[in-house]
Each structure stands twice: as C-alpha cells, then as structure tokens.
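Results of the structural survey
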Amino acid sequence: MLNVLLLSCREGTWEEAFRRTGIPRVSCTDESTNETGNQFDCNMSSGKHSLVDGEINDDENVSDLEKNKMMNSAGDSEEMRTEQHNIQLNRNGDDTNQTIRLYKRRWFIVLLFSSYSLCNSFQWIQYGSINNIFMRFYGVESFTIDWMSMIYMLTYIPFIFPVTWLLDKKGLRIIALVATAMNCAGTWIKVTSVRPDLFAVTMLGQFCCSLAQVFILWMPSKIASVWFGSEEVSTACSIGVFGNQLGIAIGFLVPPILVPNVEDMDQLAYHISIMFYITAGVATLLFILVVTVFQERPELPPTQAQATARCIPSEQYSYTASILRLLRNKPFLLLILTYGLNVGCFYAVGTLLNRMIIEYYPGEELNAGRIGLTIVIAGMVGSLICGIWLDRTKTYKQTTLAVYLMSFVGMLVYAFTLSLGHLWVVFLTAGALGFFMTGYLPLGFEFGVELTYPECEGTSSGLLNCSAQVFGIIFTICQGKIIDNYGTLAGNIFLCVFLFIGSVLTDRGRNGLKGMSTVKHRSQTHSTEGRVSAVTLSHCHSYYTKLAS
C-alpha cells in the first residue's frame, strides 16, 4: 500500500494520490498538523517527510529508509500493479465506487439456461414415467429401466469436480456450449435406438444426456450471482431451478400421452420414435440459441461484490484450496448431508413413482404421470415462493428448517394415504409433498452459497448436488428392493425415516451456527457500495497504519 501511495504521489499531489488508490485519508496527530488537515508533518524515526498544501516535499531530511522504499518501488512495479488492481475498483480518478448496471438481457440468459435445463431433465424421467412400457419394448427388467434414471446420478459424482474446474478456467459460455452439445448428441443417438434389440444404444444416448446434466445442475446460483442484482439473486436462482423442475414435470406428463401402452410392437416403436424426434428437435434448437446468443457475463457488473470479484487476478484463485476450505466449513458439511438426504428422497420418489402408483391403481399409467406432474408443479410454486421470501427476509436457517419439517410431514401423509383407493387423495397429498420437497432445491443452493461466501458458487453447488446424487442412488436402489420384497408402504416409510433424520440434523445445525454473521456476509457485501472483502480491508488497514505511524 505504501508503494502504491508513493508511486501515485510522483504523478501529482497527495490529494490525487489518495483519490487514485482509494485509500482513506487519516489525520496525523502532530503539533504541526493544522485544524483543517491540509498540512501535516509526520516525524519519522530517522528524518522527516513533509506535505505542504498537498504537494510532496522530498528534502534532505527524508530518512534513508524512506528513500530506499521510493527507489525500490520501481523494481516492485508488478507487485504494485497487482495491489492497485485489487483495491482500485474505480478507474475514473475519483473515490466513488465502480459503475454497476443491470441489463435487461439477464432475464433472457436465465430463461435460456432454464430452457435447456428443462430439455435435459425431461429425459431423466422419460423412461421411468412409463417404466412398464419400456420394460416390454426392450425386454428388460424393471431394475434395468430404473438405471436409465440412476445413470444421471451416477455420472454426476465423478465428473462434477473436473467440470467445476473447467468453469473456473473457461467461464459460463464454454460450460453452456458443452452442456447443450452433449444433450443434443444424446437425443439424436436415442433416435437411432428405436428397436427392441438396441437397448445398449438407447443407454448410450442416455449416458450422453446424463453427462450434459453435470454441466447444468449446479449452474443456477452461478448465473444468478454473475448477472443479477443483490435483491434478485434468490429469485433468479429459483427461475434456474424452475426449468429443471418443469422438465421433470413434462417428463411425467408427456411420455404417457405420446407412448400409449399398445400391444402392437411396431406401433409402439412408432410412438417412441415420435417422442425421441420431438426431444431431438428441441435440443437442437436450444443448442443453436446458445451458440448464437449466450453471453459469458455482462459488460458492467450487477453488484459491487461482483465488481470486487472481477478485480481478483485468476492466478490468485486455487480450486483445490477452495475445495479444502469448504470441507473444513462445518455448517456447510452439515448442509451437504441434510441436502443430500432431502433431494435423494425426491429422486427416489420420482424414479419409482410409476411402480408405486401401478401397484395400487393398475392401468393408470396416464394418471401416474399426472401425479408426477402435480408433484413438480407444486414444487415449482414452492421454489418461486421460497426464492422471493429469501430475497425479502434473508431468513435462510429458519426457512430451511420449516421447509424440511414440512417435507417430512408431507412424505408421511403421502405414504399412509396412497393405498386408500382414491386417486384424488393421492393427487392432493402428492402436491403437498412436492410443494415442500421440491421447493427445498433452490433454498439449499442459496443457503449453501451464503454459508460459503466468498467461495465460488459453482463449487458449493457442485458439492451439494454430488451429495444428492449419492443419496439418490442409494435410496432408489434400497427403496426399489424394499418395494419388491415388502411392498410400497414399507418403501415409503424407509424414506420417511431419513427425512426425519435430516430434519433433526437441520435443527441441530441451525442451533449450532454462530449467529448470523456468516450467513449475512454475502448479502451485506452486495449492499455496502462495493466495499472489498474483510481480508482485503484488514491488509489495507495494516499497510496504512504503518504509513501513518
């Protein structure tokens, strides 16, 4: 900091130096300092460095130490430029904050992302929603069709860390291009697989789509922070998750309509091919849109926190160190566990819903899809309400616990009313379950970002999703086996137990957090006119104290 001030003083007055560097002025409590503070004389240990009427006066009384500092400043120019770059948010020569701006195109960016997330998540459930039909067409077991959904979860686990590293190195646009390209390729591979002997080909296509999901699932919080203002980030994150949920809803609703359970295999193949061609056409259109219009980031940052982030040289950021810091963050580790339990239960319910409904209501494939649609539509409403509520109140811990408890209650009611024989009751209880369980998705994302600020949003979201995929695979396999051996009620009680455990852990974590300082840190940074992080401020204070002493 001293070097920065001295270098700036060479180019003009002290007043201009303070304005250029953005360093706050202090008054030197010395007898030679006048009341206005325009003239001051600070005695050094070996000499005197004086300022008269704002002009630097470097006379022979300046200590040798200070002269050496000034001479060495030229040799440290690279270090000075880096330090200036970190603390100088404004390059217009005054002491105001860097200009921030919200662009209207931010809504198009998040809606485009939401659209290709929709296309990808639709394919996650398109096999499971008509499980019995694909079993008969390809001549495979129910558990094999379950893997068409579980492959999404399995692929995510090993690939999320290299993909997050790629985001840090290449940015949002490259990630969006790869995601839509892989998704498009997977849909066209499926088009070629509509024959009973080509199950391996359709599995390959599903694998490509599952790989694309790795580039999609953790993106909502990143896009929200890069493009949106501090009062919009939770809402924007909810819109990003909204697309994923809507895709799952369409995946429950559309396949039973497009692929009826007909006996003729040729007719069945025709219906399946129609579904695959429609999906491929939509995926291709979205890929073209991303290539032509998707933008890396806005020209001007949306918040002062983003302005600060842009001033940090990329070489100063270590992805490995960031992961290690997150894994030492105890509140975040607890959130990883509880988020995985909740979302893993949702994945299991979505994958096995067709089997659960058909057991009690034979021949109701279409209504099974509609019940899945009800779960997700109610969840989308819950997501938007949670996002708006968080933007207004910032009550992350209280809202998380309330939604988690209601997810447990909703699952309990759903489990014990499924066998009553009334579909309208199932629709009602499934909607309540979806409202809270699916509504937890964006809430967990944003809470994770708040707990881990200023770490990269993609890293924290990636770890949360990784936990969800692990628990999703475990719960889907275990619940499927329990349903086969003990019935649907026992399988649903199995999920209730883990939702109860998650609720207890969430309450323990809520009580164990040290106040709200960590959770409020990021929100305060968004609203404090671009002040740099506490670490940077601490270093600035240390340097400037040495200068004034």
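The paragraphs below set out a description of the structure included in this document. Because the structure is predicted, anything quoted here is derived from the model rather than measured. Every residue gets a number counted from 1 within its own chain, in the order that chain's sequence is written. Totals for whole chains, interfaces and linings use every residue, but because this is a predicted model, local features are given only for residues with pLDDT of at least 70 and side-chain atom pairs only at 80 or more, for both listing and counting. Side-chain measures here rest on the full set of heavy atoms in the structure, leaving out hydrogens and waters.

A word on a nonpolar patch on the surface. A contiguous nonpolar surface patch, about 630 Å² in accessible area, is contributed by Leu412, Phe416, Leu489, Ile493, Val497, Phe500, Ile501 and Val504. Strands here are runs of E lasting at least two residues and helices are runs of H or I lasting at least four, both read from the DSSP assignment and numbered beginning at the N terminus. Relative to the elements of secondary structure, isoleucine 493 occurs in helix α21 (residues 488–512). Surface patches are drawn from residues lacking salt bridges whose relative accessible area is over 30%; two like charges belong together within 9 Å, two nonpolar side chains (Val, Leu, Ile, Met, Phe, Trp, Tyr) within 5 Å. Each accessible area is a Shrake-Rupley estimate made with a 1.4 Å probe; only the visible protein chains count as cover when residues are assessed. In the sections that follow, a salt bridge refers to a side-chain nitrogen of Lys or Arg positioned within 4 Å of a carboxyl oxygen of Asp or Glu.

Glancing now at the environment of isoleucine 336. Inspection of the secondary structure assignment puts isoleucine 336 in helix α15 (residues 330–360). Pairs of residues are marked as contacts when any of their non-hydrogen atoms sit within 4.5 Å. In this view, isoleucine 336 contacts Leu463, Leu464 and Ser467; residues no more than four positions away in its chain are not counted.

Below, the discussion takes up the pattern of salt bridges. By the definition in use, this model includes three salt bridges. Residue aspartate 197 pairs with arginine 195 through a salt bridge whose shortest N-O separation is 2.8 Å. Exposure classes here rest on a 1.4 Å probe applied to the protein chains alone. A residue is buried below 20% of its type maximum, exposed above 50%, and partly exposed in between. Owing to a relative accessible area of 53%, aspartate 197 belongs among the exposed residues under this scheme. Across the salt bridge formed by arginine 355 and aspartate 484, the nearest N and O atoms sit 2.4 Å from each other. Taken as a pair, arginine 355 in helix α15 and aspartate 484 in helix α20 (residues 457–486) lie far apart in primary sequence, 129 residues in all. Judged by its relative accessible area of 51%, aspartate 484 falls in the exposed class.

Now for the nonpolar core. Among the nonpolar cores identified, the biggest contains 102 residues, and Tyr116, Ile223, Ile357, Met411 and Tyr414 are the most heavily contacted of them. Three or more residues apiece are contributed to this core by two domains, here domain 1 (109–301) and domain 2 (320–513). Those residues in contact with tyrosine 414, other than ones at most four positions away along the chain, are Leu353, Met356, Ile357, Val426, Thr429, Ala430, Leu433 and Asn492. Within the second largest apolar cluster, 20 residues are counted, among which are Val140, Val194, Phe199 and Met275. By convention a nonpolar core is built from buried Ala, Val, Leu, Ile, Met, Phe, Trp, Tyr and Cys residues, the set being connected through side-chain atoms within 4.5 Å. An automatic or database domain assignment provides the domain bounds reported here.

By themselves, these observations are geometric and do not establish any function.
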